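One-letter residues, chain by chain:
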Amino acid sequence: MRKLIPVLMAVLLAACGFQLRGAQPLPFSSLYIAENWELGALLRRNIRALGTTQLATSPKEAQAVLTSLGEAREKNILSLSATGRVREFRLSYRFAFRVHDLKGREFIPPSEIVLVRDISFADDRVLAKEQEEVLLYRDMQNDMVQQLLRRLAAAKIESKAEVE
């Protein structure tokens, strides 16, 4: 009977239609990433891995152009101890962008993605906490690329019949 329970659970899970989220293809045949910044390099690598969209070398060759409107990292004090020492910081990572073509059509209007992480702080572990902060920002960059890819995949492109 105990061997039957895991089999029954697997059958029920498969019957409900559950499946892992796969990579979504981008609706653009070619994309130009306007600036050369660190997040752009990660984004290019992920788009190449998808294999459905070509990365153009100039905006004239691309169906869509992704333009960075700004990228910022912030570190704010979140809480203090009774003695006035910092106990927690809030790390923020913002990225503003838009996706358009050279004819002036907006596929994604100016948008912003904001990621926030809280980190504890201890005076006796300064080096370890600095390294943790670097790792958190790196994780936030990877998360930012994934969110950006999801937004790009959800972009609406007008068909040629709608344009004419």
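Below or above, wherever it landed, is the structure these notes cover. Only a predicted model underlies this, so the values are computations on that prediction, with no experimental measurement involved. (Residues numbered from 1 in each chain as written. Predicted model: local features only at pLDDT ≥ 70, side-chain atom pairs only at ≥ 80, totals over all residues. Heavy atoms only, no water.)

### Re the pairing of strand β5 (residues 106-120)
Put simply, the test is: Strand pairing is defined by DSSP finding a minimum of two bridges between the two strands. By definition, any uninterrupted DSSP run of H or I lasting at least four residues is a helix, any uninterrupted run of E lasting at least two residues is a strand, and each is numbered from the N terminus.
As paired elements, strand β4 (residues 86-100) and β5 share twelve bridges and run antiparallel to each other. Bridging from a neighbouring strand, V99 pairs with I108 of β5. Between β4 and β5, which pair antiparallel and follow one another directly, the connecting turn spans five residues, one of which, G104, has a positive phi of 95°.

### Description of the nonpolar core
Stated formally: To define a nonpolar core, start from buried Ala, Val, Leu, Ile, Met, Phe, Trp, Tyr and Cys residues and group those joined through side-chain atoms within 4.5 Å. Burial classification: accessible surface area is computed with a 1.4 Å probe over protein chains only, and a residue below 20% of its type maximum counts as buried, one above 50% as exposed, and the rest as partly exposed. For this analysis, residues touch if any pair of their heavy atoms sits within 4.5 Å.
Grouped together as the largest cluster of nonpolar side chains are 31 residues, with contacts concentrated most on F28, L31, L43, L66, V99 and L152. Counting residues per element, the ones that place at least two in this core are β1 (30-33), α2 (38-50), β3 (64-80), β4, β5 and α3 (126-153). Residue contributions to this core peak at eight residues, all from α3. Among residues more than four places away in sequence, those in contact with L31 are I47, T53, Q54, L55, A56, A62, A64, V65, L66 and L152.

### Notes on the environment of F95
Positionally, F95 belongs in strand β4. Exposure remark for F95: the relative accessible area of 0% places this residue in the buried category. Sequence separation between F95 and L115 is 20 residues, and the spatial gap between their C-alpha atoms is 8.9 Å. Not counting residues up to four positions away in its chain, the partners in contact with F95 are W37, L39, S68, G70, E71, S111, E112, I113, M144 and L148.

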